[in-house]
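Chain and residue survey
This is what each chain is made of:
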Amino acid sequence: MNIRVAALWRYPVKGLRGQPVPAIEVERCGFAGDRRWMVVDPDGRFISQRELPVMATISAELVEDGLVLRTQSDVGMFVAQPSAIDSESISVTVWRSTVTAIRAHRVATDWLQTVLGRSCQLVYLANEDARPVDPEYGQPDDRVSFADGFPVLLTSMGSLADLNRHLAIPVPMNRFRPNLVIEHAGAWVEDGWRRVRVGDVAFRLPKSCSRCVVTSVDQQSGERPNPHEPLHTLGTFRRSSGGVMFGQNMIPESFARIAVGDVVTARIAVGDVVTVLETGTPNVPPGEIVV
């Protein structure tokens, strides 16, 4: 049976609830509309579910000229996409990257501060060429949005099923906040993939994804039913020198050499066949796995 795309997700605002989509355009810095917005503290540092699990209870839906934020009990707040010409710029930080973003309207910031219960502001990445991928893993023209480090995250239903066999209480895939979920693949086979094709797009897979406490957050309630799981169990058999691993980071190589300023996309959809183009040594080596 062919390996296929089981689900596609985008996260319009970094750290807020994800949005499943049946199909999506892929751009050089990832899925169209994925993590182009971000919540930051007064110093411009990104805020995530690591410190504020309640962020999972806020949905973000892309609409024409902006997005709509809402909680389960709220009618929603429309946020207009700010203009690079008319809006105030701010320097923001995502891990070791510092880039220039644009502040959203003050009304949106006030709404978020009320919901989150802390001082923050909403910002938008207008220049999608602003943030290079870590040169240790990417090529000079590779770019990423406000995602942690790479344009796209792939996970496998087969690998999740294997993890859940080790857990007292199984967890859903949304705990890992993937972009592209595959089915009909054996557990952990993605560790050895180096290049794949999905629909119209070829991707490089430069490294596995190190996981954190966000995996303990219920993505509907914003609560941590068990603050230690699934990370503790995953660490007993998926720990490498880079951390506790689940999923593979991907870079769309189809756009790696497009000139700055060009708008080039390709479309992928749920049900697309995933073709493995190149394999290599698994990037979670068996010798480093703790059994």
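Residues numbered from 1 in each chain as written. Predicted model: local features only at pLDDT ≥ 70, side-chain atom pairs only at ≥ 80, totals over all residues. Heavy atoms only, no water.

Comments concerning the pairing of strand 12 (residues 121-124)
Residues of strand 12 alternate between two faces, with Q121 and V123 on one and L122 and Y124 on the opposite face, all of them buried. Here strand 6 (residues 37-40) runs beside strand 12; their pairing, made up of 4 bridges, is antiparallel. Looking at the pairing, V40 lines up with Q121 of strand 12. (Buried < 20%, exposed > 50% of the residue type's maximum accessible area, 1.4 Å probe, protein only. Helix = DSSP H or I, 4+ residues; strand = E, 2+ residues; numbered from the N terminus. Pairing = 2+ DSSP bridges.)

Examining the environment of T233
Residue placement: T233 occurs in helix 3 (residues 231-235). Here T233 falls in the buried class, since its relative accessible area comes to 11%. Linking T233 and L167, residues 66 residues apart in sequence, is a C-alpha distance of 6.9 Å. Leave out the neighbours within four places in its chain, and T233 touches L163, H166 and L167. (Contact = heavy atoms within 4.5 Å.)

Notes on the environment of T155
Among the secondary structure elements, T155 is positioned in strand 13 (residues 152-156). Relative accessible area serves as the criterion here: at 0%, T155 is assigned to the buried category. For the pair T155 and M173, spaced 18 residues apart in the sequence, the C-alpha separation amounts to 8.3 Å. For T155, the contacting residues outside a window of four places in its chain are M173, P178, L180, V181, I182, F246 and G247.

So, the packing of aromatic side chains
All told, the structure shown has 7 aromatic pairs when counted by the stated rule. On the basis of an interplanar angle of 15 degrees and a centroid distance of 6.5 Å, the ring pair of W9 and Y11 is categorised as stacked. Overall, the relative accessible area of 3% leaves Y11 in the buried class. Taken together, a centroid distance of 6.0 Å and an interplanar angle of 65 degrees make the contact between Y137 and F150 edge-to-face. (Phe/Tyr/Trp six-rings, centres within 6.5 Å; stacked < 30°, edge-to-face > 60°.)

Observations regarding the layout of surface pockets
Of the voids in this model, the largest pocket is the one considered here, and its volume is about 950 Å³. Around the largest pocket, the lining is made up of 37 residues, and of these W95, A147, D148, G149 and F150 lie nearest the centre. Looking at the lining of the largest pocket, the elements with two or more residues in it are strand 13 and strand 16 (201-210). By residue number, the principal contributor to the lining of the largest pocket is strand 16, which donates 4 residues. (1 Å grid on protein atoms, 1.4 Å probe; cavity = no way out; pocket = protein on both sides within 12 Å on 5 of 7 lines; lining within 4 Å. Points joined across faces, edges and corners; volume = space filled by probe spheres on them.)

A short note on the pattern of salt bridges
Overall, the coordinates contain 18 salt bridges when judged by the stated rule. Ionic pairing is found between R143 and D129, a salt bridge with its closest N-O pair at 3.0 Å. Linking R143 in the loop between strand 12 and strand 13 with D129 in the loop between strand 12 and strand 13, this pair joins segments that are 14 residues apart in sequence. For the residue pair R143 and D129, the accessibility class agrees, reading buried in each case. Across the pair D191 and R238 runs a salt bridge, and its minimum N-O distance is 2.6 Å. Here R238 lies in the loop between helix 3 and strand 17 (239-240) and D191 lies in the loop between strand 14 (180-183) and strand 15 (193-198), a separation of 47 residues in the sequence. (Salt bridge = Lys/Arg side-chain N within 4 Å of Asp/Glu carboxyl O.)

Focus on the sheet that holds strand 7 (residues 59-63)
On the basis of which strands lie adjacent, the open sheet formed by 3 strands has the order 7-8-9 and antiparallel pairing. The outermost strands of the open sheet, each flanked by one partner alone, are strand 7 and strand 9 (77-80). For this sheet, the mean inter-axis angle between neighbouring strands, taken without regard to orientation, is 25 degrees. As defined by bridge partners, strand 8 (residues 66-70) adjoins strand 9 across 4 bridges and the pair is classed as antiparallel. Its bridge partner being in strand 9, V68 is matched across the sheet by F78. (Axes fitted to C-alpha atoms, helices over the stretch in contact; angles between N-to-C directions.)

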